[in-house]
Amino acid sequence: MALGYLIAVAYPSSERLTFGALALSFLGLSSTLPTLAAAFFSGALADRYDRGRVLRTVNLASLLVAAGLIGDIAVLPATHIPVPGPAGFYLPLWTLLLYPGWAGIAVCSTLFRPAFNSSVPRLVDASDLPAANGAIYAVAAGLSATMSVLVGVVLTVAAPAYALGVGFFLFFATQVSLAFVRADLSVARRGPPRSLSREAALGYSYLVKRRWLLEITITGLVVNFLAALALVELALYTTSWLGLGQGIWYGAMVAASTAGVAVGLMLAPRLHFEAHAGRAIIALMLAMGLAIFALGIVRSIWLALPIMFVFGIMPGMVTTVFLSTIQATVPDEMMGRVFSADEVGSMALIPVGQYSGGVLTYAVGVQGTFLGAGAAIVLFGLVCVAGFGSLRRLGYSPGQAKVSVAE
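Heads up: these notes are all about the structure in this document. (Residues numbered from 1 in each chain as written. Predicted model: local features only at pLDDT ≥ 70, side-chain atom pairs only at ≥ 80, totals over all residues. Heavy atoms only, no water.)

A word on the overall build of the protein
Argument step 1. Regarding its fold elements, the protein presents 16 helices and two strands.
Argument step 2. Referenced to the eigenvectors of the C-alpha coordinate spread, the extents of the protein come out at roughly 60 × 45 × 35 Å.
Argument step 3. In the protein, which comprises 407 residues, the proportion classed as buried is 52%.
Argument step 4. Surface accessibility of the protein: about 16,600 Å² in total, with carbon and sulfur atoms responsible for 70%.
Argument step 5. Across the protein, the centroid of the 22 positively charged side chains sits 4 Å from that of the 16 negatively charged ones. (Helix = DSSP H or I, 4+ residues; strand = E, 2+ residues; numbered from the N terminus. Buried < 20%, exposed > 50% of the residue type's maximum accessible area, 1.4 Å probe, protein only. Areas by Shrake-Rupley, 256 points an atom, 1.4 Å probe, with all protein chains shown as cover. Lys, Arg positive; Asp, Glu negative; His and termini not counted. Charge placed at Lys NZ, Arg CZ, Asp CG, Glu CD.)

What follows is the structure, given as structure tokens:
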């Protein structure tokens, strides 16, 4: 959040919808290859080594990278670097230095997620997975929403480095919390030892052979790409389309979405989606598209904020449905690799979507980007209704976990 806002306002107002949009797109593009490389091996690491050790190691790396980003923002080297693109396009040196730091944060997060998500079933029964996932991520989303408001306030009243300090504090708090985890998170391995790349490849083979899982991955790939087109430009949407230049309003937009995620995470288990998980994912995807489309219509912050809240509910619910379904149906020794294989497939185009969002905004403006992305998600949702039969039939019974997914 802080990086996106700082880049958006790094340029004079006359250049924000052109040079600023492209600079924001480079932020996403900078993490593309490192994230894909990390995602290929992240699940194999989670299934090969003690997951608690993996979590502590990669979070410590995030902490160190965050410290480096704070140093860059504190110094703010003012040199302008000409880069390929439209005539006169340039990047401030401090912005250019943010990109490898952001790539480092993205890689660490990519390595963290499979180990974390694969650890949850070791702590709760299968019937409790929806409630457990909802509670875990709702607490995280609630904290994130609070911190988003705090970052917006800090960006408005204090030096930018203090805003990044909020992120540093959260990584530090995570490291302290992980030090107190005493559960056994080692993996009981079966079969002969294999190379890391071979074990990673087995995760992709598992995914491809199960059509429902492949269809979920394809759905995530398309929807995440289209959502990234618009959401990477949220800072410009707030400052240019809504005409609100203060960071606190951007913070409010992010916080509204994150609060919606928290509500969605807690709401999903109450809907007892297990028997119709696939249909729930498709319906929520359609609602996401409509919300993004609506943002392209309204020009009032007081309408945009509730729309962002409603939008956030949808990915929150999808997260609970997806995680619980995988955790309840995939063997423990394969789970990390399945999570990472799905992540490579479903999230691979997010950075490309972020870059494309900058190019699209440069060409058609902020409104055109939001309207186009929202309409495209709705259209793809209708394609899923008509053509993704295995996803529509996806469901499981908590009492028969690991064996009852509809193929």
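So that's the structure; there's more coming.
Quick word on the packing of aromatic side chains
Argument step 1. Here the structure, examined in full by the defined rule, presents 14 aromatic pairs.
Argument step 2. Both rings, one in Phe 40 and one in Phe 41, keep their centres 4.8 Å apart while their planes meet at 85°; by these two values the pair is edge-to-face.
Argument step 3. Among the residues examined, Phe 40 registers a relative accessible area of 30% and is labelled partly exposed.
Argument step 4. Here the aromatic residues Tyr 11, Phe 19, Phe 26, Phe 89 and Tyr 90 are joined through ring pairs into a cluster of three or more.
Argument step 5. Across from the ring centre of Trp 241, 3.6 Å away, lies the NZ or CZ of Arg 299, which sits over that ring. (Phe/Tyr/Trp six-rings, centres within 6.5 Å; stacked < 30°, edge-to-face > 60°. Lys NZ or Arg CZ within 6 Å of the ring centre and 35° of its normal.)

Here's the deal with the packing of helix H3 (residues 32-48) against helix H5 (residues 93-119)
Argument step 1. Running from N to C, H3 and H5 point in directions that differ by 25°, and their axes come no closer than 8 Å. Judged on the interaxial angle alone, H5 and H3 are roughly parallel. Pair H3 / H5 crosses with right-handed handedness. Between H3, through Pro 34, Thr 35, Ala 38, Ala 39, Ser 42, Gly 43, Leu 45 and Ala 46, and H5, the contact on the second element is made entirely by Ala 103, Ala 106, Val 107, Thr 110, Leu 111, Pro 114 and Ala 115.
Argument step 2. Considered class by class, the residues forming the contact of H3 with H5 number 11 nonpolar, four polar and no charged. (Axes fitted to C-alpha atoms, helices over the stretch in contact; angles between N-to-C directions. Parallel < 35°, antiparallel > 145°, perpendicular 65-115°, else oblique. Left-handed = near helix turned anticlockwise from the far one by under 90°. Contact = heavy atoms within 4.5 Å. Nonpolar A, V, L, I, M, F, W, Y, C, P; charged D, E, K, R; others polar.)

Some words on the nonpolar core
Argument step 1. Phe 89, Leu 91, Tyr 237, Met 253, Ile 292 and Ile 326 are the most contacted members of the largest nonpolar core, which has 99 residues in total.
Argument step 2. Once you skip the residues sitting within four places of it in the chain, Leu 91 turns out to touch Tyr 11, Ala 23, Phe 26, Thr 79, His 80, Ile 81, Val 83, Leu 96 and Tyr 99.
Argument step 3. Counting residues in hydrophobic clusters, the runner-up holds nine residues, among them Ala 46, Val 54, Leu 55 and Leu 178. (Core = buried A, V, L, I, M, F, W, Y, C linked by side-chain atoms within 4.5 Å.)

Let's talk about the pattern of salt bridges
Two side chains bearing opposite charge may form a pair once their charged atoms approach each other closely.
Argument step 1. Scanning all chains against the criterion turns up six salt bridges.
Argument step 2. The shortest N-O distance in the salt bridge between Arg 51 and Asp 47 comes to 2.8 Å. As far as burial versus exposure is concerned, Arg 51 and Asp 47 are alike and both buried.
Argument step 3. Residues Asp 332 and Arg 51 are paired through a salt bridge, measuring 3.1 Å at the closest nitrogen-oxygen approach. Linking Asp 332 in helix H14 (residues 332-347) with Arg 51 in helix H4 (residues 51-75), this pair joins segments that are 281 residues apart in sequence.
Argument step 4. The class of Asp 332 is partly exposed, set by a relative accessible area of 22%.
Argument step 5. Each of Asp 47, Arg 51, Arg 122, Asp 332 and Arg 337 takes part in one network of salt bridges that share partners. (Salt bridge = Lys/Arg side-chain N within 4 Å of Asp/Glu carboxyl O.)

Examining a nonpolar patch on the surface
Argument step 1. Together, Val 149, Val 153, Val 157 and Ile 248 give the surface a local cluster of nonpolar side chains, amounting to about 300 Å² of exposed area.
Argument step 2. A per-element tally of the nonpolar patch places helix H6 (residues 129-157) first, with three residues.
Argument step 3. Relative to the elements of secondary structure, Ile 248 occurs in helix H11 (residues 247-267). (Patch = residues over 30% accessible without salt bridge, like charges linked within 9 Å, V, L, I, M, F, W, Y side chains within 5 Å.)

Here we look at unusual backbone geometry
Argument step 1. The phi dihedral of His 272 is positive, around 50°, even though this residue is not glycine.
Argument step 2. Relative to the assigned elements, His 272 resides in the loop between H11 and helix H12 (277-295).
Argument step 3. Using a relative accessible area of 57% as the deciding quantity, one classes His 272 as exposed.

Looking at the packing of helix H9 (residues 211-231) against helix H13 (residues 301-329)
Argument step 1. Here H9 crosses H13 at 155°, and the two axes come no closer than 13 Å. The angle between H9 and H13 falls in the class roughly antiparallel. Crossing of H9 against H13: the hand is left-handed. Together, Trp 212, Leu 213, Ile 216 and Leu 231 of H9 and Phe 311, Phe 322, Thr 325, Ile 326 and Thr 329 of H13 make up the contact between the two elements.

Section: the environment of Val 176
Argument step 1. Relative to the assigned elements, Val 176 resides in helix H7 (residues 160-179).
Argument step 2. Judged by relative accessible area, which is 35%, Val 176 ranks as partly exposed.
Argument step 3. A C-alpha to C-alpha distance of 21 Å links Val 176 and Gly 104, two positions 72 residues apart in sequence.

Observations concerning the environment of Ala 10
Argument step 1. On the secondary structure map, Ala 10 appears in the loop between helix H1 (2-8) and helix H2 (16-29).
Argument step 2. For Ala 10, a relative accessible area of 25% translates into the label partly exposed.
Argument step 3. As for Ala 10 and Tyr 90, which are separated by 80 residues in sequence, their C-alpha atoms are 11 Å apart.
Argument step 4. When residues no more than four places from it in sequence are discounted, the contact partners of Ala 10 are Pro 92, Trp 94 and Thr 95.

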